[in-house]
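Structural overview
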Amino acid sequence: MSEPLLVLDNVTKNYGAIEALKGISFSIGKGEVVALLGDNGAGKSTLVKIIAGGLEPTSGRMLFEGKDFLARSPAEAKAAGIETVYQDLSLCTNVDVVANFFMGREITRKVLGIPVLDERAMEAVVGKALASAGTRIPSLRTNVEHLSGGQRQAIELNRFVHWGGKLVLLDEPFAALGVEQTRRGLDMIRQVASQGIGVVIITHIMQQAFQVADRIVVIRQGVVAGDVARNKTSPDAVINMITGETLAGAGPAG
Amino acid sequence: MNLRTRHALEFVLDNLVWFMLLLVLVVFSLFIPNYFQLGIFANIIEASSVLGVMSIGLALVIIAGHMDLSVESVAALSAMAVGILFCSSGIGLGVQLHPEWLMVPVSLLLALAVGGLIGAFNGYLVVKVKMSAFIITLASYIWVRGLVLVISGGRSAQDLAPAIRWFGIQRLIGLPLTAWIAVACFVVFSLIMAKTPFGRHLVMIGGNETATFRAGIRVNRNLIIAFVLAGAIAGLAGWLLAIRTSGATANLGVGLLFNAFAAVVIGGVSLKGGVGTLPGVYAGVLLLSAINTAINLMGLPANFTQVIHGLLVLAAVLLDAFKQTIRQRLA
């Protein structure tokens, strides 16, 4: 594995008496795609939120590019170079495609010292980004509420590809996509990784994990139940890790 | 549908309230004797200046997904503070400053500061303590009005210093300067909302607060600024109100809140947040004022005003739902 980008060392998260994460340790290298698998409630989304600055861990530490790292807000994580695509879409449906694409990072020009939105420049960038990804949206000035689920997810995916950063977290990014768009989405992930960006993708679909990931990390009941290179494992072995080695006596599913 | 008709249709939908205003003015001019005169139109703009300024602050907070019920009481408190200091009879202290014009910036800053402070208090409780804006600002609506009663003892201040009143008397192109101040406020805040990142962020926060937080926008900071602005703008409305009545009474401005709500809703702002523009709100304010003037001219009892305003709000909400269905077809 190449030089580690993000290292998690015994990260835990308690909600009152409930231990959602009991101590997670693994690492992600530059340009590596890690698929994070696990049953519902295993703690995948909690883990992503901790890395992305949406939640603070109860204990444990993280190293990002070799330095101690803890994001107290999504803004801090973004500043460090961590982009996140969440399961429930993070779009403002009351504004247009361009405004969503640039949310919080608008291009401005100064008029009398006051920052003014440069709509034309932003529209040009969005048009180029969407065209190069093959996404077709009738008008970039349409409010997102009038777009389909697939078009919305495409905007989010294009947004992360465009902004890149150093590490990308994807929480079930293809839930609303059709077959062709999913294939294109997986291509986008490989393309992003080839630029040296680390990618963590959470998915429920084994086939996607094996299509795109270099390494597969399985979380079960708040601990890492398996951490294997893709070419050294099989879907059946991974399913066993997710559910617990033996189906009988596996207990409640995390 | 070709692109031209589509654009035309969207333009009409975006500015529907302006077309309504135009229609109402044409109908009134045709059917009400003496309605069609410049003086009447100037009067419509003049009469709507206080309500207009107050509606801007209310609209900002509602667009950001919250609520400010305290604007009316805040305006009254600012007006009372200005009245007590700079009025010469009643409970007025008749404070004199030299040179005289110095009273203008001092009274204005006082009004803005009173409003801004209460806005900051509201904003802090809503954003940091995470309480419902409806309840917090309802409480402010009550206690701030109470404070007006306490500091005035229920009495009034009259005879505002001439240097300040000058703004209500001096006319420019047929309108008093107070009306120009209201128009300028609409222009400035419309530009802020439409053209600056701050305005864009407020609209997006009103649409999906979680998404904006995840995108790294400083949601809390922006919301507190919105509340402070709403308070300060209400303070400005109070300053204009004190000029207009040349003083302040304990029940000054009672009922303005509901007119401001009506104007904001008629202007196309959704109470759910994230939808609406300030030019629309101004059209809503003018529409209310145009109807009031018509009622006056026709000699109807003033009590009809309230019935008509209520029906107008209902019509605005129904129209908004209708607009939504058309837009969905367009997309």
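Parameters and conventions
Residues numbered from 1 in each chain as written. Chains lettered and ligands numbered in written order. Predicted model: local features only at pLDDT ≥ 70, side-chain atom pairs only at ≥ 80, totals over all residues. Helix = DSSP H or I, 4+ residues; strand = E, 2+ residues; numbered from the N terminus. Rg over C-alpha atoms; globule rule 2.2 N^0.38 Å. Buried ≥ 20, exposed ≤ 12 C-beta atoms within 10 Å, placed from the backbone. Contact = placed C-beta atoms within 7 Å. Arc of directions from axis to C-beta. Pairing = 2+ DSSP bridges. Nonpolar A, V, L, I, M, F, W, Y, C, P; charged D, E, K, R; others polar. Core = buried A, V, L, I, M, F, W, Y, C linked by C-beta atoms within 7 Å. pLDDT = per-residue confidence, 0-100. Axes fitted to C-alpha atoms, helices over the stretch in contact; angles between N-to-C directions. Parallel < 35°, antiparallel > 145°, perpendicular 65-115°, else oblique. Left-handed = near helix turned anticlockwise from the far one by under 90°.

Helix and strand counts for chain B stand at 15 helices and five strands. Rg of the C-alpha trace for chain B: 20 Å, near the compact-globule value of 20 Å for 331 residues, within the 12% margin. In terms of its C-alpha atoms, chain B occupies a principal-axis envelope of roughly 65 × 55 × 35 Å. Looking at chain B as a whole, 47% of its 331 residues are labelled buried. Summarising the internal contacts of chain B: among those between residues at least 6 apart in sequence, 80% fall at separations of at least 24.

Residues and elements named next belong to chain A. Here Ile242 lies in helix 8 (residues 235-243). Distance in space between the C-alpha atoms of Ile242 and Thr46 is 17 Å, their sequence separation being 196 residues. Look past the residues within four positions of Ile242 in its chain and what remains in contact with it is Leu37, Gly38, Asp39, Val218 and Arg220.

Once that is clear, we can look at helix 8 of chain A. In an α-helix there are 3.6 residues to a turn, and that puts residues three or four apart on one side. All names here are of chain A. The complete set of buried residues in helix 8 reads Val238, Met241 and Ile242. Here the buried residues of helix 8 occupy an arc of 100 degrees about the axis, which is enough to place them on one side. Buried residues along helix 8 sit in contact with strand 3 (33-37), helix 7 (206-212), strand 11 (215-220) and strand 12 (223-229). Directly after helix 8, the chain includes Gly244, whose backbone phi takes a positive value near 100 degrees.

The next subject is the pairing of strand 10 (residues 198-202) of chain A. Residues and elements named next belong to chain A. Strand 10 sits mainly inside the fold: five of its five residues count as buried. Residues of strand 10 alternate between two faces, with Gly198, Val200 and Ile202 on one and Val199 and Ile201 on the opposite face, all of them buried. Alignment of strand 3 against strand 10, held across four bridges, turns out to be parallel. From the neighbouring strand, Leu36 faces strand 10, where its bridge partner is Ile202. Here five bridges tie strand 9 (residues 167-171) to strand 10, and the two strands are oriented parallel to one another. Within strand 10, the position partnered with Leu167 by the bridge is Gly198.

With that settled, consider unusual backbone geometry. Positive phi outside glycine occurs at A:Asn10, with the angle close to 55 degrees. Exposure remark for A:Asn10: the 13 C-beta atoms within 10 Å place this residue in the partly exposed category. In this structure, B:Ser246 is a non-glycine residue whose phi angle is positive, near 50 degrees. Following the sequence through the fold, B:Ser246 ends up in the loop between helix 12 (219-245) and strand 5 (247-248). Using a count of 18 C-beta atoms within 10 Å as the deciding quantity, one classes B:Ser246 as partly exposed.

Let us now look at the sheet that holds strand 2 (residues 157-160) of chain B. Residues and elements named next belong to chain B. The strand order across the open sheet formed by three strands is 1-2-5, and the pairing between neighbours is antiparallel. Sheet topology places strand 1 (87-90) and strand 5 at the edges, where each strand pairs with a single neighbour. Two elements, strand 2 and strand 5, share two bridges in a ladder whose sense is antiparallel. The partner of Gln158 across the bridge, within strand 5, is Gly247.

This part takes up the interface of chain B and chain A. Frequently, the measure chosen for interface size is the accessible area that the parts lose on association. With 22 residues of chain B at the interface, the matching set in chain A holds 23 residues. Sorting the residues of the side of chain B that touches chain A by element identifies helix 10 (197-207), helix 11 (209-214) and helix 15 (304-330) of chain B as the ones contributing at least two each. Of the residues contributing to the side of chain B that touches chain A, the split by class is nine nonpolar, eight polar and five charged.

Our next topic: the nonpolar core. A:Ile201 and B:Met54 are the most contacted members of the largest nonpolar core, which totals 167 residues. Among the elements that line this core, the one with the most residues is helix 12 of chain B, at 17 residues. Among residues more than four places away in sequence, those in contact with A:Ile201 are A:Val33, A:Ala35, A:Leu36, A:Leu170, A:Ile189, A:Val212 and A:Ala213.

In low-pLDDT regions, the fine details of the predicted coordinates are not to be read closely. Considering every residue of chain A, the mean pLDDT works out to 83; 95% of them sit at 70 or more. Confidence drops under a pLDDT of 50 for residues 246-254 of chain A, and excluding neighbours within four residues, the segment shows ten contacts in the predicted structure.

As paired strands, strand 1 of chain B and strand 2 of chain B are joined by three bridges and run antiparallel to one another. Residue pairing in the sheet places B:Gly90 in a bridge with B:Ala157 of strand 2 of chain B.

Time to look at the packing of helix 1 (residues 3-14) of chain B against helix 15 of chain B. All names here are of chain B. Contact pair helix 1 / helix 15: the axes reach a minimum separation of 11 Å and the direction vectors enclose 155 degrees. In terms of axis orientation, helix 1 runs roughly antiparallel to helix 15. The way helix 1 lies across helix 15 gives a crossing that is left-handed. Here Arg6, Leu9, Glu10 and Leu13 of helix 1 lie close against helix 15, whose contacting residues are Lys323, Ile326, Arg327 and Leu330. Taken together, the residues that form the contact of helix 1 with helix 15 break down as four nonpolar, no polar and four charged.

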